[in-house]
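Topology and contacts: notes
Here is what each chain is made of, one letter per residue.
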Amino acid sequence: MLDSGFPMFTAWGPELGFLYNDAYACILGAKHPDALGRRFEDVWPEIWPDILPMVEAAMAGHATYFENLPLVMKRKGYDEQAWFTFSYSPVRDESGTVAGMFCACTETTDAVMAETALRESEDQFRAFAQAVPNHVWASRPDGHLYWFNEQVYAYTGLAEGALDGPAGWGDVVHPDDLPTAGETWARSLASGQTYHMEFRIRRGDGEWRWFVVRAEAVRDDSGAIIRWVGANIDIDDIRRQGVEMARLNAQLADLLAGSKAERDRLWTLSQDMLARADYAGGLLAVNPAWTKVLGWSEHELLTNPYADIINPENIAATTAALVEMGETRQPTRFENRILSKDGRWTSIGWTVAPEPDGIHFIAVGRDLSEDKVREQLLAQAQEALRQSQKMEAVGQLTGGIAHDFNNLLAGISGSLELLEKRLDEGRLTGIARYITAAQASADRAATLTQRLLAFSRRQTLDPRAVDVNRLVADMEDLIRRTVGPTIEVEFRPEAELWSTKIDVSQLENALLNLSINARDAMAPNGGRLTIETANKVLDGTAATERDLTAGEYVYLCVGDTGTGMTPEIIEKAFDPFFTTKPMGQGTGLGLSMIHGFVRQSGGQVRIKSVVGEGTRMCLYLPRHAGPLDTPDEPAAPRDNQAGHGETVLVIDDEPAIRMLVVEMLTDSGYRALEAEDGPGGLAILRSDAVIDLLITDVGLPGGLNGRQVADAARESRPGLKVLFVTGYAENALVGNGHLDNGMEILTKPFVLADLGDRIRKMLEARPAPEFTPH
């Protein structure tokens, strides 16, 4: 032991006296030489709890071995972390009894700390390599590739580990580039010099892209290579740009390399304005086309800054284009207006390309005056075509209206004529059927008017926050009875459907109308009718495709398995009076009414159809974020519409309507006042007369509409109840659908009994406050 150069010690006898060689003295540090002959436990009290089990094992006759065991030792006056690799062996006396123990050991502190630092450095390197957007990889000194960052696998589409090994990149490097890349790599491995190459690497979709590949050797303190670290940078786009630039430069070189006579001929005969200029603002050369187009002489152009003839409104954009070209070294295009010598501004389209010196550029300008004229003529022609199509649609619309209303007016006037004849003759028997016929024609005229208003998006709507799933479920039985037993009805509701704010009756009519259309399209063999609801979120692109604003929509779609529609029919489907049904079976207003109603409500209708497979009519209705509205209470019986002497003011410029309303009020026990225009009605309202209710048309002559009359009256009668009656919804006049408390609206034509119900309901709501005279 004493002769060995390897650290060793012996602990002998009952006290485990400590004996060691010179090599071990270095491990003891300041404990040497006092440790010689002392008890083992007294020499190393700070680590004794850690090593005692091993000592006891050796004293029990069992050898032990430990590698890189961490110990906190105090051998230089302070605690320090150390690591040791050692073995403890039992030593026996002459009788074979274990009398001591022997230890051969070596301190591995430096190696362990170096390995830890290396591992931490490796972890930091890998974390950094994963964060960068480029390919990063590592190789052993012999060229065996053993690690790649995630960007490599994402690009190649290969599984992790597929590139490991000496072949490495071989499977993804272009076959034409592989030999040179491999030979260069082998030379770098042998010499330790930096590896630098450009070659193509296959992407996961099969496309080959150019990369610059560079690898550096990593060396230890002795200079030996312990690994290679490499990175690949995608330069494919840069190379393509370089090829394009080379092509342009080659073209320019070819032009400049030609004979002077050819260049002069091209320069002279070109109808385009050719020039060589600099970024400082000067023209260095111009061809004759400049004088032909603008009128300026060559001398005038070359001795003045080109900014002097650029329209001031185009200076900023022109400068920006030239600056961008100078920075990117790429050709660019732009348009500006150039001053002619006669004072006109001429539109010129420019193509400019930089010269290699970074100081000059070549410019080619083309006079766009004729192009601008053609664009203007085209726009005028398109506008004329749109106007022609509009007039054609108006003609179709007015023709259809005239046809239907003439039929309805004939029914009304004929019935009234026969009624008058019977009354003059005193014959009362059977006159009820004439009254019924006239009322039926009037009802049909009212329905036609509502459809026309729906088509024009000017009907009076009563939007309510509604659950479309509940609405469809409530109508499902009616739809089944309407379409008949040969058609299977299927409802596919969205589980958590949003609410929408819509006119419930109009939506019900639209759903029933679409169901009937689907039934007719599947006649006579039947089929399947599907009603589907869903929540739809439309981004900017999807909304633009549907002529909507981006946002959230409730989707209601009615589909059938019928005959389908051709593109030509789909294009005309929403036109008024257009129908594919046989004569007498359709007015052609159903889909136009639905389209107008939905558009007025802020939504859209779209048709999806395949001939022979079926059609889907899909409604997009804006989402409503508030709570649902409560359903209206059932209408009260009409057996008690009589008034109790309340005073009602009626303002309407139509004498017949005014007469009928006043007669109804008088017969019902009300006191009626009347006026034919806004100023006349306002005069009564500003008198001392007691007025419990104002009934006024919205559109009135005399300079005041109905809403203005009502607002003026409420200045002196704050609680005045107001019932607006109108033939269509003048939204701007009634506040865009937002009525104040105590105001309601009723659409003409109306049944007098309905008017009586509305009057009674409004008067019974709460008493009007007393009149405060001016």
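Calculation criteria
- Residues numbered from 1 in each chain as written.
- Predicted model: local features only at pLDDT ≥ 70, side-chain atom pairs only at ≥ 80, totals over all residues.
- Heavy atoms only, no water.
- Helix = DSSP H or I, 4+ residues; strand = E, 2+ residues; numbered from the N terminus.
- Buried < 20%, exposed > 50% of the residue type's maximum accessible area, 1.4 Å probe, protein only.
- Contact = heavy atoms within 4.5 Å.
- Disulfide = S-S within 2.5 Å.
- Pairing = 2+ DSSP bridges.
- Axes fitted to C-alpha atoms, helices over the stretch in contact; angles between N-to-C directions.
- Core = buried A, V, L, I, M, F, W, Y, C linked by side-chain atoms within 4.5 Å.
- Parallel < 35°, antiparallel > 145°, perpendicular 65-115°, else oblique.
- Left-handed = near helix turned anticlockwise from the far one by under 90°.
- Nonpolar A, V, L, I, M, F, W, Y, C, P; charged D, E, K, R; others polar.
- Salt bridge = Lys/Arg side-chain N within 4 Å of Asp/Glu carboxyl O.
- Phe/Tyr/Trp six-rings, centres within 6.5 Å; stacked < 30°, edge-to-face > 60°.
- Lys NZ or Arg CZ within 6 Å of the ring centre and 35° of its normal.

Here we take up the overall build of the protein chain. Along the protein chain, the regular secondary structure elements total 22 helices and 27 strands. Here the protein chain holds 774 residues, and the buried ones make up 39% of them. If you take every contact in the protein chain between residues at least 6 apart in sequence, the share linking residues at least 24 apart comes to 56%.

Our next topic: unusual backbone geometry. In this chain, His 32 is followed by Pro 33 through a cis amide linkage whose omega measures 10 degrees. Mapped onto the elements, Pro 33 comes out in the loop between helix 1 (22–28) and helix 2 (40–43). Here the residue pair Ala 523 and Pro 524 is connected by a cis peptide bond, since its omega of -5 degrees sits within 30 degrees of zero. If you trace the backbone, Pro 524 turns up in the loop between helix 15 (504–521) and strand 19 (527–538). One non-glycine residue, Leu 16, lies in positive phi territory at about 55 degrees. Looking at the element boundaries, Leu 16 is found in the loop between strand 1 (8–12) and strand 2 (17–20). Although it is not a glycine, Asp 547 adopts a positive phi angle of roughly 60 degrees. In this fold, Asp 547 is placed in the loop between helix 16 (540–545) and strand 20 (551–560). Given a relative accessible area of 47%, Asp 547 falls into the partly exposed group.

Going through the model one piece at a time under the given rule, you end up with 1 disulfide. Two residues share a disulfide in this structure: Cys 557 and Cys 618, whose sulfurs sit 2.2 Å from each other. In this pair, Cys 557 is assigned in strand 20 and Cys 618 in strand 22 (residues 614–624), connecting sequence segments 61 residues apart. Cys 618 sits in the buried class, given a relative accessible area of 0%. In this model Cys 103 remains outside any disulfide bridge; the closest cysteine sulfur is found in Cys 105, 4.3 Å from its own. On the basis of relative accessible area, Cys 103 is assigned to the buried category, the value being 2%.

Here we come to the sheet that holds strand 3 (residues 64–73). One key point about sheets: their strands pair by backbone hydrogen bonds, in either a parallel or an antiparallel sense. Strand order in this open sheet of 5 strands is 2-1-5-4-3, and the pairing throughout is antiparallel. The open sheet is flanked by strand 2 and strand 3, the only strands paired with a single partner. In this sheet, neighbouring strand axes are inclined to one another by 30 degrees on average, regardless of whether the strands run parallel or antiparallel. In the sheet, strand 1 pairs with strand 2 via 4 bridges, with the strands oriented antiparallel. By the bridge assignment for strand 2, Phe 9 is matched with Tyr 20.

On to the side chain of Asp 697, then. Following the sequence through the fold, Asp 697 ends up in strand 25 (residues 693–697). On the basis of relative accessibility, which here comes to 7%, the residue Asp 697 falls in the buried class. Asp 697 has contacts with Ile 651, Asp 652, Asp 653, Gly 706, Val 725, Thr 726 and Lys 748, leaving out every residue within four places of it along the chain.

Let's shift gears to the nonpolar core. In globular proteins that are soluble, nonpolar side chains generally tend to be buried together. Membership of the largest hydrophobic core comes to 36 residues, with the highest contact counts inside it found for Val 472, Leu 507, Leu 511, Leu 529, Ile 531 and Leu 619. Breaking this core down by element, the ones donating at least two residues are helix 14 (468–483), strand 17 (487–492), helix 15, strand 19, strand 20, helix 18 (590–600), strand 21 (604–610) and strand 22. With 6 residues, the top contributor of residues to this core is helix 14. Not counting chain neighbours up to four residues away, the residues in contact with Leu 511 comprise Leu 471, Val 472, Met 475, Ile 479, Ile 531 and Val 558. Within the second largest apolar cluster, 29 residues are counted, among which are Met 54, Ala 58, Leu 71 and Met 101.

Quick look at the environment of Leu 763 now. For Leu 763, the position within the fold is in helix 22 (residues 752–765). On the accessibility criterion, Leu 763 (13% relative accessible area) is buried. Taking C-alpha positions, Leu 763 is 9.2 Å from Gly 643, a pair spaced 120 residues apart along the chain. The contact partners of Leu 763, leaving out residues within four places of it in the chain, are Glu 646, Tyr 670, Asp 692, Leu 693 and Lys 721.

Interaxial distance between helix 19 (residues 655–667) and helix 22 falls to 11 Å at its minimum, and their mutual angle equals 60 degrees. With respect to helix 22, the axis of helix 19 lies oblique. Regarding helix 19 and helix 22, the two cross each other, and that crossing is right-handed. Across from Val 661, Met 664 and Leu 665 in helix 19, the residues of helix 22 making contact are Leu 752, Leu 755, Gly 756 and Ile 759.

The next thing to look at is the packing of helix 14 against helix 15. What describes two packed helices is the angle between their axes and the distance between those same axes. Contact geometry for helix 14 and helix 15: axes closest at 10 Å, N-to-C directions at 40 degrees. Compared by their axis directions, helix 14 and helix 15 come out oblique. For the element pair helix 14 and helix 15, the recorded crossing hand is right-handed. The residues of helix 15 that touch helix 14, namely those facing Val 468, Leu 471, Val 472, Met 475, Leu 478, Ile 479, Thr 482 and Val 483, are Val 504, Leu 507, Glu 508, Leu 511, Leu 512, Ser 515, Ile 516 and Arg 519. Taken together, the residues that form the contact of helix 14 with helix 15 break down as 12 nonpolar, 2 polar and 2 charged.

With that settled, consider the sheet that holds strand 23 (residues 647–651). Across the sheet, which stays open at both edges, the 5 strands sit in the order 24-23-25-26-27 with parallel pairing between neighbours. Edge strands, defined here as strands with exactly one partner in the open sheet, are strand 24 (671–675) and strand 27 (743–747). Averaged over all pairs of adjacent strands, the angle between their axes in this sheet comes to 20 degrees, without regard to strand direction. The sheet contact formed by strand 23 and strand 25 spans 4 bridges and is parallel. Residue Ile 651 lies in a different strand from strand 25, and its bridge partner there is Thr 696. Relative to strand 24, helix 20 (residues 678–685) is tilted by about 140 degrees, and along the sheet it contacts strand 23, strand 24 and strand 25. Here helix 21 (residues 706–716) sits on the sheet in contact with strand 23, strand 25, strand 26 (721–726) and strand 27, set at roughly 175 degrees to strand 26.

Tallied over the full model, the rule gives 42 salt bridges. For Glu 216, the salt bridge goes to Arg 214, with nearest N and O atoms at 3.0 Å. In this structure, Arg 760 engages Glu 764 in a salt bridge whose closest nitrogen and oxygen atoms are separated by 3.1 Å. In this pair, Arg 760 and Glu 764 both sit in helix 22, 4 residues apart, roughly one turn of the helix. With relative accessibility at 6%, the residue Arg 760 sits in the buried group. By sharing partners, the salt bridges in this structure join Arg 203, Asp 205, Glu 207, Arg 209, Asp 234, Asp 236, Asp 237 and Arg 240 into a single network.

This brings us to the packing of aromatic side chains. Within a pair of aromatic rings, the relevant descriptors are the distance that separates the centres and the angle that separates the planes. Following the criterion strictly, the structure yields 21 aromatic pairs and no others. Pairing Phe 9 with Tyr 88 gives two aromatic rings, centres 6.3 Å apart and planes at 75 degrees, and the pair type is edge-to-face. Of this pair, Phe 9 sits in strand 1 while Tyr 88 sits in strand 4 (residues 80–92), placing them 79 residues apart in sequence. Each member of the pair, Phe 9 together with Tyr 88, is buried. Where Phe 148 meets Tyr 153, the ring centres are 6.1 Å apart and the plane angle is 70 degrees; that geometry is what we call edge-to-face. Both residues of the pair, Phe 148 and Tyr 153, count as buried. The rings of Phe 9, Phe 18, Tyr 20, Tyr 24, Phe 40, Trp 48, Phe 66, Phe 86 and Tyr 88 are connected pair by pair, giving a single aromatic cluster. We note Arg 239 situated over the ring of Trp 210; from NZ or CZ to the ring centre the distance is 3.7 Å. Taking the ring centre of Tyr 555 as reference, the NZ or CZ of Lys 536 above it sits at 4.7 Å.

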